[in-house]
Amino acid sequence: MKIAIPVENKSMETTVCQSFGRTPYFLIYNTELKDGLFIENDAATSQGGAGVKAAQIVVDSDVNALLTPRCGENAAEVIMAAGIKIYKTVNDSIMDNIDAFNKGNLFVLTDIHAGFHNHAGK
Amino acid sequence: MKQLLILSGKGGTGKTTIASAFIKLSNAKAYADCDVDAPNLHLIMDQPFKPVKTDYYGLPKAEINTGLCTKCDQCRQNCRFDAIKAGTHYTVDYYACEGCGVCEAICPAKAVSLKPAIAGKLMLYTGDSVFSTATLKMGSGTSGMLVAEVKKQMKRAASDTELAIIDGSPGIGCPVIASLSGADMVLIVAEPSVSGISDMKRIVETAEKFQMKMAVCVNKFDTNIENTKEIELFCEKYKLPFTGRIPFDPEAIKAINNALSIIDIDCAAGKAVKEVFNKTIKILST
Amino acid sequence: MKIAVLSGKGGTGKTLASVNLAAAAGRSTYIDCDVEEPNGHLFFKPGDIKYERITIKIPFVDDRLCNGCRKCVDFCVFNALAYVNGRLKVFDDICHSCGGCVLFCPEKALSEKEKDVGQIQKGVSENVTVITGILNTGEASGIPIIKKLLNDADKALEPVFIDCPPGSACIAMESIKDADYCILIAEPTLFGVHNLNMVYELVRLFDKPHGVVLNKCLEGENPAEKFCMEKGIKIIGRIPFDSELGILNSNALIAARKDKKYRDMFSSLLQIVTKEAQNETVINP
């Protein structure tokens with residue numbers, strides 16, 4: 001299974017990022033191969049619509065699930081349309097969350113928040 | 001971190017006056033001024049050290065290289081924001097340009113390019129507490145984005161803090177919507193005038209879309225008791241917690257004009273705001 | 001003659017001034033550009049109202065023509081488009097209506113539909129034409145409504161009084177674009193002066209002839225007056241802090257229509273403003 005997690009830095013020792021849309025990086029982790037790669041989140045520096053763009057990046061990475069502390073409604077719409085399940089992270093440790101996912105201990109994220117609307121323009 | 005946002009709909013109701021009182025009463029270690037169009041909180045909150053300033057880049061702006069321009073008019077015709085003017089030379093109206101890139105993409109002569117544009121300045125004061133604020137360059141758009149940066153800056157610098165007080169902006173548009181996102185509770189400061197009531201209803205409607213805790217208080221209540229009662233009835237009808245009334249107080253104006261918060265001096269408004277504060281914080285903590 | 005009334009800070013008296021000046025002028029037009037929180041209509045209570053929907057164009061896709069090339073997704077700087085599970089998604093609330101995606105789609109799979117963002121209400125109150133712009137709650141920007149309001153201002157019966165939004169950001173700027181003269185309303189407080197400075201910079205940037213009306217004047221030093229003296233800004237009027245005026249205003253009553261003393265006060269102010277505006281446009285055509 002391939003999963004995506006928003007992370008602060010390009011290292012397995014780093015922490016889960018509290019923001020989905022503006023996370024600096026995503027960890028794309030293969031639970032079978034126990035192997036991961038880090039991709040940059042271009043949405044982090046965009047003027048607006050960060051959730052949508054970050055979601056597009058996650059969808060394009062061909063993952064089966066997204067582990068995140070929170071997610072906005074626009075991003076959720078994109079992710080769910082791709083059939084990707086969204087789970088709520090339990091703490092900010094990457095390994096703890098991967099373990100919990102493998103054991104089936106993570107809950108589906110239900111509190112999708114309204115958009116940040118911090119888009120460019122007037 | 002719990003975020004308490006103070007909004008009003010109408011301008012001039014007392015958001016900043018009340019926000020500064022709340023900050024002092026709660027001893028909040030983090031606060032922000034999200035009224036980036038017309039920030040005022042820094043005038044009351046004394047800061048011992050200079051802030052760290054960061055340039056805020058808004059939308060890039062289009063620029064036309066007149067040397068390459070063939071005046072084919074494609075850019076002007078396709079600009080949805082009326083930002084391109086034809087004259088002796090083709091020029092871009094800096095303030096109208098939204099940085100969409102249509103002109104750059106459509107120009108057959110590669111004469112148009114988008115250049116980064118500074119749209120404001122972020123300021124972060126750190127010391128005993130964290131104070132995040134910003135000013136938007138006048139005439140700019142992207143105030144919503146700047147508001148998000150103000151909050152992000154505050155959260156990054158004060159991640160361990162329990163309570164953050166956020167002074168919001170008037171209106172219901174972009175900067176207000178951006179400040180509502182991520183807030184745990186909004187306190188609406190209403191003014192007992194017909195205009196104030198109308199504006200309060202619109203901000204309540206806007207905030208409701210975010211499904212967060214909401215409370216209303218009335219400032220300068222004694223300028224119109226009838227209207228104050230109307231606001232209280234409205235709150236009762238729509239089950240909005242009413243956290244109190246603050247009187248119109250000339251001593252309060254004096255305090256603010258001397259860059260003091262209303263609880264720094266002994267005045268009726270200061271006493272009343274303490275009650276409003278206690279009731280509001282109780283709702284936030286439950 | 002189009003006269004814009006602005007202040008920087010909210011609650012200083014823009015609506016009080018613009019409504020009462022229009023009422024004192026008699027045959028005139030009042031335009032409310034504070035589309036997020038319009039208040040003038042509460043005072044005028046206009047009748048014979050005609051409604052006009054204000055919309056913006058939002059793209060939508062014909063799935064049969066879309067081949068998933070994603071040129072639109074890559075072009076959109078606002079990130080209002082996403083391509084997922086073989087379909088293009090459009091996010092209406094993020095779209096800025098720039099038309100780029102529609103223009104550049106190689107398959108012509110994108111067209112545009114109208115989305116409501118607000119409305120304009122046009123009515124009459126005695127001899128004043130009242131034009132009010134209203135932004136729908138939840139919408140981010142009132143610019144399309146203000147643009148239309150100012151279009152209407154061009155054909156409106158003069159003098160035209162434009163009640164501007166607070167602040168000095170793009171919506172305030174848009175409202176003063178066509179003004180011949182700007183009245184800056186200032187209140188004698190620390191915050192008021194700070195924000196007056198911002199809006200003063202704005203009118204100077206656009207080279208707009210302007211003058212200050214000091215509102216809510218009390219005894220003692222007036223920081224706004226001091227600011228004007230220091231900057232050499234012309235003070236064209238002074239409205240005293242007056243509880244009676246405050247109560248009329250808080251009950252949405254037009255003081256100039258209720259009491260001769262206020263009618264006289266606003267008529268004098270109107271005369272001064274008209275003279276200033278005419279002089280300025282002669283000196284700086």
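About the cut-offs
Residues numbered from 1 in each chain as written. Chains lettered and ligands numbered in written order. Predicted model: local features only at pLDDT ≥ 70, side-chain atom pairs only at ≥ 80, totals over all residues. Helix = DSSP H or I, 4+ residues; strand = E, 2+ residues; numbered from the N terminus. Buried ≥ 20, exposed ≤ 12 C-beta atoms within 10 Å, placed from the backbone. Contact = placed C-beta atoms within 7 Å. Pairing = 2+ DSSP bridges. Axes fitted to C-alpha atoms, helices over the stretch in contact; angles between N-to-C directions. pLDDT = per-residue confidence, 0-100. Domains from an automatic or database assignment. Parallel < 35°, antiparallel > 145°, perpendicular 65-115°, else oblique. Left-handed = near helix turned anticlockwise from the far one by under 90°. Nonpolar A, V, L, I, M, F, W, Y, C, P; charged D, E, K, R; others polar.

1. Focus on the overall build of chain C
Within chain C one finds 11 helices and 11 strands. Each of the three principal axes of chain C carries a C-alpha extent, and together these read 70 × 45 × 35 Å. For chain C, the proportion of its 285 residues judged to be buried stands at 55%. A fraction of 75% describes how many contacts in chain C between residues 6 or more apart in sequence connect residues 24 or more apart.

2. Considerations on the interface of chain B and chain C
A common measure of how large an interface is: the accessible area buried when the components associate. Between chain B and chain C, the residue contacts involve 50 residues of the former and 47 residues of the latter. Put simply, the parts of the chain that give the side of chain B that touches chain C at least two residues each are helix H3 (102-106), helix H4 (143-157), helix H5 (174-180), helix H6 (194-208) and helix H8 (250-257) of chain B.

3. Considering the sheet that holds strand S3 (residues 35-40) of chain A
Residues and elements named next belong to chain A. Taken together, the 5 strands give an open sheet; going across it, the order is S3-S2-S1-S4-S5, and neighbouring strands pair in mixed fashion. Bordering the open sheet on either side are S3 and strand S5 (85-88), each of which pairs with just one other strand. Strand after strand, the sheet turns through a mean of 25° between neighbouring axes, direction not considered. As paired elements, strand S1 (residues 2-7) and strand S4 (residues 65-68) share 2 bridges and run parallel to each other. Paired with Ile 3 across the bridge in S4 is Ala 65.

4. Things to note about the confidence of the model for chain C
Per-residue confidence for chain C averages 93 on the pLDDT scale, and 98% of its residues sit at or above 70. Confidence metrics for the complex model read pTM 0.85 and ipTM 0.85.

5. Considerations on the domain arrangement of chain C
Annotation of chain C at the domain level lists domain 1 (2-54 + 118-283) and domain 2 (63-108). Relative placement of domain 1 of chain C and domain 2 of chain C: their C-alpha centres are 41 Å apart.

6. Thoughts on the packing of helix H1 (residues 50-60) of chain A against helix H2 (residues 73-81) of chain A
How two helices pack is summed up by the angle between their axes together with the distance between the axes. Residue and element names in this part refer to chain A. Two elements in contact, H1 and H2, have axes whose closest approach is 8 Å; the angle formed by their N-to-C orientations is 20°. By the angle between their axes, H1 is roughly parallel relative to H2. Crossing angle aside, the handedness with which H1 passes H2 is right-handed. Residues Gly 51, Val 52, Ala 54, Ala 55, Gln 56, Val 58 and Val 59 of H1 form the contact with H2, whose own contacting residues are Asn 74, Ala 75, Val 78 and Ile 79.

7. Regarding the packing of helix H7 (residues 190-205) of chain C against helix H8 (residues 223-231) of chain C
Residue and element names in this part refer to chain C. The geometry of H7 relative to H8 is characterised by a closest axis approach of 9 Å and an angle of 35° between their N-to-C directions. For the pair H7 and H8, the sense of crossing is right-handed. Facing Leu 190, Gly 192, Val 193, Leu 196, Asn 197 and Tyr 200 of H7, the residues of H8 in contact are Pro 223, Ala 224, Phe 227 and Lys 231. Tallied by class, residues from the contact of H7 with H8 come to 7 nonpolar, 2 polar and 1 charged.

8. A short note on the confidence of the model for chain A
Mean pLDDT over chain A: 88, with 92% of residues reaching 70 or higher. Low confidence marks residues 116-122 of chain A, where pLDDT is under 50. Its contacts with residues over four positions away, or in another chain, come to 42 contacts.

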